[in-house]
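Structural characterization, general
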Amino acid sequence: SNFVFILISLSSLYKLHNLIIIPSSLSDFLIALKKSERDEGIIIRLCNLYSEDREIKIKTKFDFKKLEEVKLNEERVKDLNFEGREIIIKIPKKTIMTLKLII
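Quick look at the structure, then. Each chain has its residues counted from 1, following the order in which its sequence is written. Only residues with pLDDT of at least 70 get local features here, since the model is predicted, and only at 80 or more are side-chain atom pairs given and counted; chain-wide, interface and lining totals rely on the full set of residues. Hydrogen atoms and water are omitted, and side-chain values are computed over all heavy atoms in the structure.

What follows covers the sheet that holds strand 2 (residues 30-35). Two strands qualify as a pair provided that DSSP identifies no fewer than 2 bridges between them. Counting from the N terminus, the helices are DSSP H or I runs at least four residues long and the strands are E runs at least two residues long. With respect to topology, 5 strands assemble into an open sheet ordered 2-3-8-5-6, the strand pairing being antiparallel. At either end of the open sheet lies a strand with only one pairing partner, and these are strand 2 and strand 6 (76-79). Neighbouring strand axes in the sheet, compared pairwise and without regard to direction, differ in orientation by 25° on average. For helices, the fitted line uses only the C-alpha atoms of the stretch in contact; every axis is such a line through C-alpha atoms, and the angle between N-to-C directions lies from 0 to 180 degrees.

Once that is clear, we can look at the environment of Tyr-50. Inspection of the secondary structure puts Tyr-50 in the loop between strand 3 (42-48) and strand 4 (54-60). According to the relative accessible area criterion, Tyr-50 is partly exposed, its value standing at 26%. Spatially, the C-alpha atom of Tyr-50 lies 8.9 Å from that of Pro-92, the residues being 42 residues apart in sequence. Whether a residue is buried, partly exposed or exposed follows from its accessible area with a 1.4 Å probe, protein chains only, as a fraction of its type maximum: under 20%, in between, or over 50%, in that order.

Turning next to the pairing of strand 5 (residues 66-70). In terms of burial, strand 5 is largely enclosed, as 4 of its 5 residues are buried. With 5 bridges joining them, strand 5 and strand 8 (residues 95-102) adopt antiparallel strand pairing. By the bridge assignment for strand 8, Val-70 is matched with Thr-98. Hairpin remark: strand 5 followed by strand 6, antiparallel, with 5 residues in the connecting loop; positive phi at Glu-74, about 75°.

Structure (structure tokens):
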């Protein structure tokens, strides 16, 4: 399976775009990385334009309390599982998925 690795440093929240490490062959998955409009969370928006589901692996350099799938307007859809500082998520084919890390 294919993996995308995203490294995020909490101390550099406003410079997130400089801290993302993604293999160039998979860079089309990440379409947004920003501070939440609603609170202190971090929004990660991913897009799978492929005709098959893809698995994405995200690593952070900080602990977070909760992981949610949210709508484009950041409204909560559901809680997602994570382990420590690592998220492994399956993105359905032809889908935009927005994640929110609750710090």
